[in-house]
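Residue-level structural notes
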Amino acid sequence: MKTDIYALVTGASRGIGRAIAERLARDGYTVLINYKSNQQSALSCQQAIEAAGGKAELLPFDVADGAAIEAALNAWDAAHEGEHISVLVNNAGIRRDGLLVFMNEDEWHDVLRTTTEGFYYTTHHVLPAMLRARKGRIVNITSISGVSGLPGQTNYSAAKAALIGATKALSKEVAARKVTVNAVAPGFIATDMTADLDEAELKKTIPAGRFGKPEEVAALVSFLCSDEASYITGQVINIAGGIG
Ligand SMILES: NC(=O)c1ccc[n+]([C@@H]2O[C@H](COP(=O)([O-])OP(=O)(O)OC[C@H]3O[C@@H](n4cnc5c(N)ncnc54)[C@H](OP(=O)(O)O)[C@@H]3O)[C@@H](O)[C@H]2O)c1
């Protein structure tokens with residue numbers, strides 16, 4: 001009898017998603033590593049997990065493309081009869097910063113679509129099996145930008161705030177079936193996404209005086225996915241070194 005318990009992490013080839021994938025693999029999940037195009041990084045994540053004694057599969061799809069999500073998850077279901085995804089971490093996200101007055105339509109739609117389409121199609125696909133199993137964990141990676149709003153990020157703040165609203169509403173729909181839905185809101189975390197920022201200047205605005213590490217976000221996600229966290233749902237938990 002197979003005993004794999006599957007955790008799907010979107011955007012797991014790099015940064016926060018990769019740290020979450022590695023952590024959940026250590027927690028005993030078979031991790032499905034989603035990514036968009038960077039297969040080399042995704043393979044490196046898979047190799048790191050396997051070298052540490054864990055299990056992982058690659059599951060590429062573009063979270064901004066609903067049809068691509070459906071096709072990839074239908075193919076996964078067909079290849080894994082009788083199994084289902086128990087943990088979903090909606091992590092993939094992008095930034096296209098600029099003042100709204102100068103923002104073009106693509107910058108608006110690309111950021112919104114990546115977050116909201118990704119949330120809808122992925123969650124909509126995996127939720128029925130969680131509800132039938134009366135157990136499941138959904139963690140949405142939002143941002144302090146979606147909690148407070150940041151100038152230059154009207155598109156990103158809107159996308160991340162949408163994810164917070166979705167987290168709160170869905171958590172109430174599924175709590176009775178023992179599926180929890182929470183959001184994690186990082187501040188500045190050292191990844192490729194923040195590599196172009198002036199860390200020395202920004203550190204002065206962070207009470208903790210430093211950027212966070214992807215592993216610190218992963219530890220929080222790991223806890224929210226654990227049995228011990230079964231009474232926490234519909235929450236937005238900041239992990240931002242005191243910002244917010
Ligand atoms: N870093 C921060 O300070 C920070 C703060 C708050 C919130 N966040 C949020 O945390 C999440 C992860 O951020 P990060 O800093 O780890 O980002 P990152 O280093 O830029 O990595 C982004 C990851 O998402 C994947 N991805 C991007 N677009 C995708 C798409 N359309 N379909 C599938 N995968 C896609 C990338 O895949 P490829 O490798 O294939 O490109 C990569 O694995 C994001 O939602 C971000 O908004 C980050």
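By convention here, each chain's residues receive numbers from 1 onward along its written sequence. Whole-chain, interface and lining totals are the exception, using all residues; otherwise, since this is a predicted model, local features are given only for residues with pLDDT of at least 70 and side-chain atom pairs are given and counted only at 80 or more. To obtain the side-chain values, all non-hydrogen atoms of the structure were used and water was disregarded.

**Remarks on the overall build of the protein**
We apply this condition: Going along the chain from the N terminus, every DSSP run of H or I of four or more residues is numbered as a helix, and every run of E of two or more is numbered as a strand. Note on method: radius of gyration uses C-alpha positions; expected globular size equals 2.2 Å times residues raised to 0.38. For each residue, the accessible area found with a 1.4 Å probe, counting protein chains only, is set against the maximum for its type, and the residue is called buried under 20%, exposed over 50%, and partly exposed in between. A contact between two residues is defined here by any heavy atoms of the two lying within 4.5 Å. Method for areas: the Shrake-Rupley scheme with a 1.4 Å probe, in which residue coverage is limited to the protein chains shown. Counted as positive: Lys and Arg. Counted as negative: Asp and Glu. His and the chain ends are not counted at all. Where a charge lies is defined by one atom per residue type: Lys uses NZ, Arg uses CZ, Asp uses CG and Glu uses CD.
A tally of helices and strands in the protein yields eight helices and seven strands. A globule of 244 residues ought to have a C-alpha radius of gyration of about 18 Å, and the protein, at 17 Å, matches this closely. Across the 244 residues of the protein, 47% fall into the buried class. Taking contacts inside the protein between residues at least 6 apart in sequence as the whole, the part at least 24 apart equals 72%. As presented, the protein carries roughly 11800 Å² of accessible surface, and 53% of it is formed by carbon and sulfur atoms. Computed over 23 positive and 27 negative side-chain charges, the separation of the two mean positions in the protein equals 7 Å.

**Some words on the site of the ligand**
The line we're drawing: Near, as used in this document, describes a residue that has one of its heavy atoms within 4 Å of the molecule or strand being considered. N or O atoms closer than or at 3.5 Å make up a polar contact, with two conditions inside protein: a donor-capable atom paired with an acceptor-capable one, and, for residues adjacent in sequence, both atoms drawn from side chains.
Among the 31 residues in the neighbourhood of the ligand, the closest are listed as Ser 13, Ser 37, Asn 91, Tyr 156 and Thr 191. One nitrogen or oxygen atom from the main chain of Asn 91 is found 2.6 Å from an oxygen atom belonging to the ligand. In this structure, Lys 160 approaches the ligand through a side-chain N or O atom, which is 2.8 Å from an oxygen atom. Within the residue set of the shell around the ligand, elements represented by two or more residues are helix H1 (15–26) and helix H6 (154–174).

**A word on the pairing of strand S3 (residues 55–58)**
Operational definition: When DSSP finds two or more bridges between a pair of strands, those strands are recorded as paired. Convention used here: a crossover is right-handed provided that the path from the first strand, over the helix, to the second strand proceeds clockwise when the strands point away from the viewer.
Where strand S2 (residues 30–33) meets S3, four bridges bridge the pair, whose relative direction is parallel. Bridge pairing in S3 links Leu 32 to Glu 57. What joins S2 to S3 is helix H2 (residues 39–51), and the crossover it makes is right-handed.

**Description of the layout of surface pockets**
Condition: Grid points spaced at 1 Å and placed over the protein atoms alone form the basis of the search, with a cavity being a set where a 1.4 Å probe fits but cannot get out and a pocket an open set showing protein on both sides within 12 Å along at least five of seven lines. Lining residues have an atom within 4 Å of a point. Grid points are joined across faces, edges and corners, and a volume is the space filled by probe spheres set on the points. Each residue is assigned to one class: nonpolar for Ala, Val, Leu, Ile, Met, Phe, Trp, Tyr, Cys and Pro, charged for Asp, Glu, Lys and Arg, and polar for all the others, Gly among them.
Of the pockets and cavities examined, the largest pocket occupies roughly 1200 Å³. Gly 93, Ile 94, Arg 95, Tyr 156 and Met 193 are, among the 46 residues lining the largest pocket, the residues nearest its centre. Sorting the residues of the lining of the largest pocket by element identifies H1, helix H4 (105–133), helix H5 (144–148) and H6 as the ones contributing at least two each. Element by element, the count of residues in the lining of the largest pocket is highest for H1, at three residues. Broken down by class, the residue content of the lining of the largest pocket amounts to 19 nonpolar, 18 polar and nine charged.

**Observations regarding the environment of Cys 45**
Along the chain, Cys 45 falls in helix H2. C-alpha separation for the pair Cys 45 and Gly 17, spaced 28 residues apart in sequence, amounts to 9.9 Å. With residues near it in sequence (within four places) discarded, Cys 45 still touches Ala 12, Arg 18, Ala 21, Glu 22 and Ile 33.

**Examining helix H8 (residues 214–224)**
Buried within H8 are the following residues: Pro 214, Val 217, Ala 218, Leu 220, Val 221, Ser 222 and Leu 224. Of the surrounding elements, those touching the buried residues of H8 are H1, strand S4 (85–90), strand S5 (136–141), strand S6 (179–186) and strand S7 (236–239).

**Details of the sheet that holds S7**
We count it as follows: In this analysis an axis means a line fitted to C-alpha atoms, helices contributing only their contacting stretch, and an angle means the value between N-to-C directions, from 0 to 180 degrees.
One open sheet accounts for seven strands, arranged S3-S2-S1-S4-S5-S6-S7; its pairing is parallel. The open sheet has two free edges, formed respectively by S3 and S7, since each of these has just one partner strand. Going from strand to strand, the sheet's axes swing by 20 degrees on average, the running direction of each strand aside. Where H1 meets the sheet, its contacts fall on strand S1 (6–9), S2, S3, S4, S5 and S6, and the angle it forms with S1 comes to roughly 170 degrees.

**Let's talk about the pattern of salt bridges**
Just so we agree on the cut-off: When a carboxyl oxygen of Asp or Glu lies within 4 Å of a side-chain nitrogen of Lys or Arg, that pair is called a salt bridge.
Across all of its chains, the model carries ten salt bridges by this definition. As a salt-bridge pair, Arg 95 and Asp 97 come within 2.9 Å of each other at their nearest N and O atoms. In this structure Arg 95 comes out as buried when scored by relative accessible area, which is 19%. With relative accessibility at 35%, the residue Asp 97 sits in the partly exposed group. Two residues, Lys 135 and Asp 227, come together in a salt bridge whose shortest N-O distance is 3.2 Å. On the criterion of sequence distance, the pair formed by Lys 135 in the loop between H4 and S5 and Asp 227 in the loop between H8 and S7 is long-range, its members being 92 residues apart. When salt bridges with common partners are traced through the structure, they connect Arg 95, Asp 97 and Asp 196 into a single cluster.

**A short note on empty space enclosed by the protein**
In the structure shown here, the tally under the stated rule is one cavity of 30 Å³ or more. If you add up the space inside the largest cavity, you get close to 60 Å³. Contributing to the lining of the largest cavity are Thr 10, Val 63, Asn 90, Asn 91, Ala 92, Thr 114, Thr 115, Gly 118, Phe 119, Lys 160 and Leu 163. Taken together, the elements giving at least two residues each to the lining of the largest cavity come down to H4 and H6. Sorting elements by how many residues they give to the lining of the largest cavity places H4 first, with four residues. Class assignment for the residues of the lining of the largest cavity results in four nonpolar, six polar and one charged.

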